[in-house]
Amino acid sequence: MPAAVSSLDLVEPVLAGKPRAIARLISRVEAGEAECRPALEQIYRRTGGAHVVGVTGVAGSGKSTLLDQLVLEARKSERKIAVIAVDPSSPFSGGSILGDRIRMNELSLDPGVFIRSMATRGAMGGLARATHEAVDLLDAGGFDLILIETVGVGQDEIDIVRAAHTIVVISAPGLGDDIQTIKAGVMEIADIHVVSKCDRPDANKTLKELKSMLTLGFALRGESAWQIPVLATSSAKREGIGELLAAIDRHRRTLDDSGEMEGRRRVIARTRMLKTAENILHDRFEKQHDGKVSSLIERVVTRELNPHTAATELIAALKSEP
Amino acid sequence: MTVPSNVIRVLIAKVGLDGHDRGVKIVARCLRDAGMDVIYTGLHRTPEEVVAAAVQEDVDILGISILSGAHMTVFPKVIDLLKQHEAEDILLVGGGVMPDEDVGALKEIGVAEVLLQDTPPQAIVDAVRRLVEARGPR
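Just so it is clear, the structure is predicted and the values come from calculations on it, not from any experiment.

## What to know about the overall build of chain A
Line of reasoning, step 1. Across its full length, chain A holds 11 helices and 8 strands.
Line of reasoning, step 2. Relative to the 2.2 N^0.38 estimate, which gives 20 Å for 322 residues, the radius of gyration of chain A is 22 Å and therefore close to what a compact globule would have.
Line of reasoning, step 3. Based on the C-alpha atoms only, the size of chain A along its principal axes is roughly 60 × 55 × 40 Å.
Line of reasoning, step 4. In chain A, 74% of the contacts between residues at least 6 apart in sequence involve partners at least 24 apart.
Line of reasoning, step 5. When the accessible surface of chain A is split by element, carbon and sulfur atoms take 55% of a total near 15,800 Å².
Line of reasoning, step 6. Side-chain charges of chain A comprise 42 positive and 44 negative groups, with the mean position of each set lying 1 Å from the other.

## Observations regarding the packing of helix 1 (residues 22-33) of chain B against helix 5 (residues 121-135) of chain B
Residue and element names in this part refer to chain B.
Line of reasoning, step 1. Viewed as axis vectors pointing N to C, helix 1 and helix 5 meet at an angle of 65°, and their least axial separation amounts to 10 Å. Note that helix 1 runs across helix 5; the crossing there is right-handed. Note on element contacts: helix 5 touches helix 1 through Pro121, Ile124, Val125 and Val128, opposite Val27, Cys30 and Leu31.
Line of reasoning, step 2. When the residues that make up the contact of helix 1 with helix 5 are grouped by side-chain class, the tally is 7 nonpolar, no polar and no charged.

## Examining the pairing of strand 1 (residues 51-57) of chain A
Residue and element names in this part refer to chain A.
Line of reasoning, step 1. Extensive coverage of strand 1 is indicated by the burial of 7 of its 7 residues.
Line of reasoning, step 2. Across 5 bridges, strand 1 lies against strand 5 (residues 145-149) in parallel orientation. Looking at strand 5, one finds that Gly54 is bridged to Ile148.
Line of reasoning, step 3. Two strands pair when backbone bridges link them, and strand 1 and strand 6 (residues 166-171) are joined in this way by 5 bridges, in the parallel orientation. Residue pairing across strands places Val53 opposite Thr166, the latter belonging to strand 6.

## Points about the sheet that holds strand 4 (residues 91-96) of chain B
Each strand in a sheet pairs with another by means of backbone hydrogen bonds, the pair being arranged parallel or else antiparallel.
Line of reasoning, step 1. The sheet built from 6 strands is open, its strands ordered 3(A)-2(B)-1(B)-3(B)-4(B)-5(B) with parallel pairing. Of all strands in the sheet, those bounded by a partner on one side alone are strand 3 (96-98) of chain A together with strand 5 (113-116) of chain B. Sheet twist, expressed as the mean angle between neighbouring strand axes with direction ignored, is 25°.
Line of reasoning, step 2. Strand direction decides the pairing type here: strand 3 of chain A and strand 2 (residues 37-40) of chain B, joined by 3 bridges, are parallel. Bridge assignment links Ile97(A) to a residue of strand 2 of chain B, and that residue is Val38(B).

## Some details on the nonpolar core
All names here are of chain A.
Line of reasoning, step 1. Grouped together as the largest cluster of nonpolar side chains are 76 residues, with contacts concentrated most on Leu137, Leu147, Val168, Ile192 and Leu244.
Line of reasoning, step 2. Mapping this core onto the domain boundaries places at least three of its residues in each of domain 1 (1-46) and domain 2 (47-260).
Line of reasoning, step 3. Apart from the residues within four sequence positions on either side, Leu244 is in contact with Leu66, Leu70, Val168, Ile192, Val194 and Leu231.

## Here's the deal with the interface of chain A and chain B
Bring the parts together and some accessible area is lost; that lost area is often taken as the interface size.
Line of reasoning, step 1. Taken together, the contact pairs 34 residues of chain A with 39 residues of chain B.
Line of reasoning, step 2. The junction of chain A with chain B conceals about 3,200 Å² of combined surface from both sides, 52% of it contributed by carbon and sulfur atoms.
Line of reasoning, step 3. On the surface where chain A and chain B come into contact, there are 7 salt bridges.
Line of reasoning, step 4. Between Asp58(B) and Arg24(A) there is a salt bridge whose closest N-O contact spans 3.0 Å.
Line of reasoning, step 5. Counting every contact that joins chain A to chain B gives 20 residue pairs in polar contact (both at pLDDT 80 or more).
Line of reasoning, step 6. Of all elements in the fold, only helix 2 (19-30), strand 3, strand 4 (113-119) and helix 9 (260-288) of chain A reach the threshold of two or more residues within the side of chain A that touches chain B.

## Topic: the domain arrangement of chain A
All names here are of chain A.
Line of reasoning, step 1. Taken domain by domain, chain A holds domain 1 (1-46), domain 2 (47-260) and domain 3 (273-319).
Line of reasoning, step 2. Here domain 1 and domain 2 have C-alpha centroids that lie 27 Å from each other.
Line of reasoning, step 3. Facing the 16 residues of domain 1 at the interface are 18 residues of domain 2.
Line of reasoning, step 4. Interface of domain 1 and domain 2: buried area, both sides summed, is about 1,400 Å²; carbon and sulfur atoms make up 66% of it.

## Some remarks on helix 4 (residues 100-109) of chain B
All names here are of chain B.
Line of reasoning, step 1. Burial in helix 4 covers these residues: Asp102, Val103 and Leu106. Considered in projection along helix 4, the buried side chains sweep an arc of 110° and stay on one side of the axis. In helix 4, the exposed positions angled more than 90 degrees off the buried face are occupied by Asp100, Glu101 and Glu108.
Line of reasoning, step 2. If you follow the buried residues of helix 4, they end up packed against helix 3 (71-84) and strand 5.

## Section: the sheet that holds strand 6 of chain A
All names here are of chain A.
Line of reasoning, step 1. If you walk across this open sheet you meet the 7 strands as 4-2-5-1-6-7-8, and the pairing is parallel. Across the chains shown, the open sheet's two edge strands, defined by having one partner strand only, are strand 4 and strand 8 (230-232). Direction aside, neighbouring strands of the sheet carry axes that sit 20° apart on average.
Line of reasoning, step 2. Pairing of strand 6 with strand 7 (residues 192-195) involves 4 bridges; the strand directions are parallel. Residue pairing for strand 7: Ser171 is matched across the bridge by Val195.

Thresholds, definitions, all that
- Numbers given for residues are sequential positions, taken from 1 along each chain in its written order.
- The order in which chains are written sets their letters, starting at A; the order in which ligands are written sets their numbers, starting at 1.
- Per-residue local features are limited, in this predicted model, to residues with pLDDT of at least 70; the limit for side-chain atom pairs, both in listing and counting, is 80 or more; totals at the level of whole chains, interfaces and linings are taken over all residues.
- Only hydrogens and water are set aside; all other atoms, that is, all heavy atoms of the structure, feed into the side-chain values.
- The numbering of helices and of strands both runs from the N terminus, where a helix is a DSSP run of H or I of at least 4 residues and a strand a run of E of at least 2.
- Here the globule rule reads 2.2 Å times residues to the power 0.38, and the radius of gyration is calculated from C-alpha atoms.
- Two residues form a contact once any of their heavy atoms are found within 4.5 Å.
- Note that accessible areas follow from Shrake-Rupley with a 1.4 Å probe, and for residues the cover is restricted to the protein chains shown.
- Think of it this way: Lys and Arg go in the positive column, Asp and Glu in the negative one, and His and the chain ends go nowhere.
- For charged residues, the charge sits on one atom: NZ in Lys, CZ in Arg, CG in Asp, CD in Glu.
- Axes, fitted as lines to C-alpha atoms, cover a helix only where it is in contact. Angles between the N-to-C directions of the axes lie from 0 to 180 degrees.
- The handedness criterion is simple: a crossing whose near helix is rotated anticlockwise from the far helix by less than a right angle is left-handed, and one whose near helix is rotated clockwise is right-handed.
- Residues are sorted three ways: Asp, Glu, Lys and Arg are charged, Ala, Val, Leu, Ile, Met, Phe, Trp, Tyr, Cys and Pro are nonpolar, and all the rest, Gly among them, are polar.
- Think of it in three bands: with a 1.4 Å probe and only protein chains considered, a residue is buried below 20% of the maximum accessible area for its type, exposed above 50%, and partly exposed in between.
- Each pair of strands is called paired provided DSSP finds at least two bridges between the two strands.
- Nine residue types can take part in a nonpolar core, namely buried Ala, Val, Leu, Ile, Met, Phe, Trp, Tyr and Cys, and a core is a set of them joined through side-chain atoms within 4.5 Å.
- Residue ranges for the domains trace back to a domain assignment, done automatically or taken from a database.
- By definition, the buried area sums, over both parts, the 1.4 Å-probe accessible area that each loses when the two are put together.
- For this document, the term salt bridge refers to a Lys or Arg side-chain nitrogen within 4 Å of an Asp or Glu carboxyl oxygen.
- Residues adjacent in sequence count toward polar contacts only when both atoms are side-chain atoms; beyond that, a polar contact is any pair of N or O atoms within 3.5 Å, and within protein one must be able to donate a hydrogen and the other to accept it.
- To obtain the arc, one takes the directions from the helix axis to the C-beta atoms.

Here is the structure:
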């Protein structure tokens, strides 16, 4: 058995786009291994070339099947494409069943395509904990288009907004009435709306409701550089896929031309930094302050301290550390 | 919740003309309940597809279930492909229905473990953990 390769030795093959090295480093990041941080530092400097597209929608709306066809379509232009497919971890065992690949088997043998399934492992916003780093590795590895498929979302899992440049929201026909379309949350984050399964008879109603919801938005917000399209697709009939790819590419050009890409990059940078700081603090509380945490919990339970004061004490203890 | 580290990743695959997947779904479920990430690639895959997926997914274990009798053709092919991908640290586990005399032959060519049809769920979980531990970090 070969000895464990150091992460720094994997940087070169990652930059050369070697699937084995990219896959290995994604696992190490997922496992939270400190050993890979210097390698990630080098990788990060080589990112920024890829167009990162988030695809989100309720469970069963057809995200994986649509992505399979979208990748086939985009491969016609020789672009290298990566898919990160996120599925939930069990809140009980921590394990997961990652089944998105079942719908993407056609793509496995194409050397220009890389697919990675990731489990959420306790993250709540629809993405896996190490999604950002996985995107970095694929970006640095020369993938031009990186598609992130979120878990099947409900109404409020919108972390994808702060991870991708372009957001595609997929709605399937027959789920709820027109009020669903004006609710806050997932429906608001779309740069592109897709109604999937348009071979079904009730698809027209969903298309109509989405379009009228957007008209309300235009009336309130006025003109902007990007008009959110509502596209009809049918994976069963292989329809609307070319139009979706064209809209994704058009959105990228609009972001670049309007200067909004810079803004989105800034939002992503900010979120990643703050989120990481939060995680570091969280881990320090969990690992180094077990005793302190439990004694404070006692005092909160007995109503001696309120949770806010206890939290302040916890942070004060952190500051007094060397 | 703390970040779980070193979650074991397993890819479960059905290869060839074998449409029976109730068994692998049960295996997938019990590995999930043991806290592992389980990637299932569905029915009728080729050895090439399965190995490419195992590399991209960077799994610890590649489990292939065969109930069709094609194991002596499929497993040597998979071993060969793993070598081509320089991915011999991915441990190959066979499952399903096969004659006892073939089990020895499969282990000889590099199949890490063979779990036949009457293996209890906990024994499968234990075997996976034991194999990954014996392999060590990579």
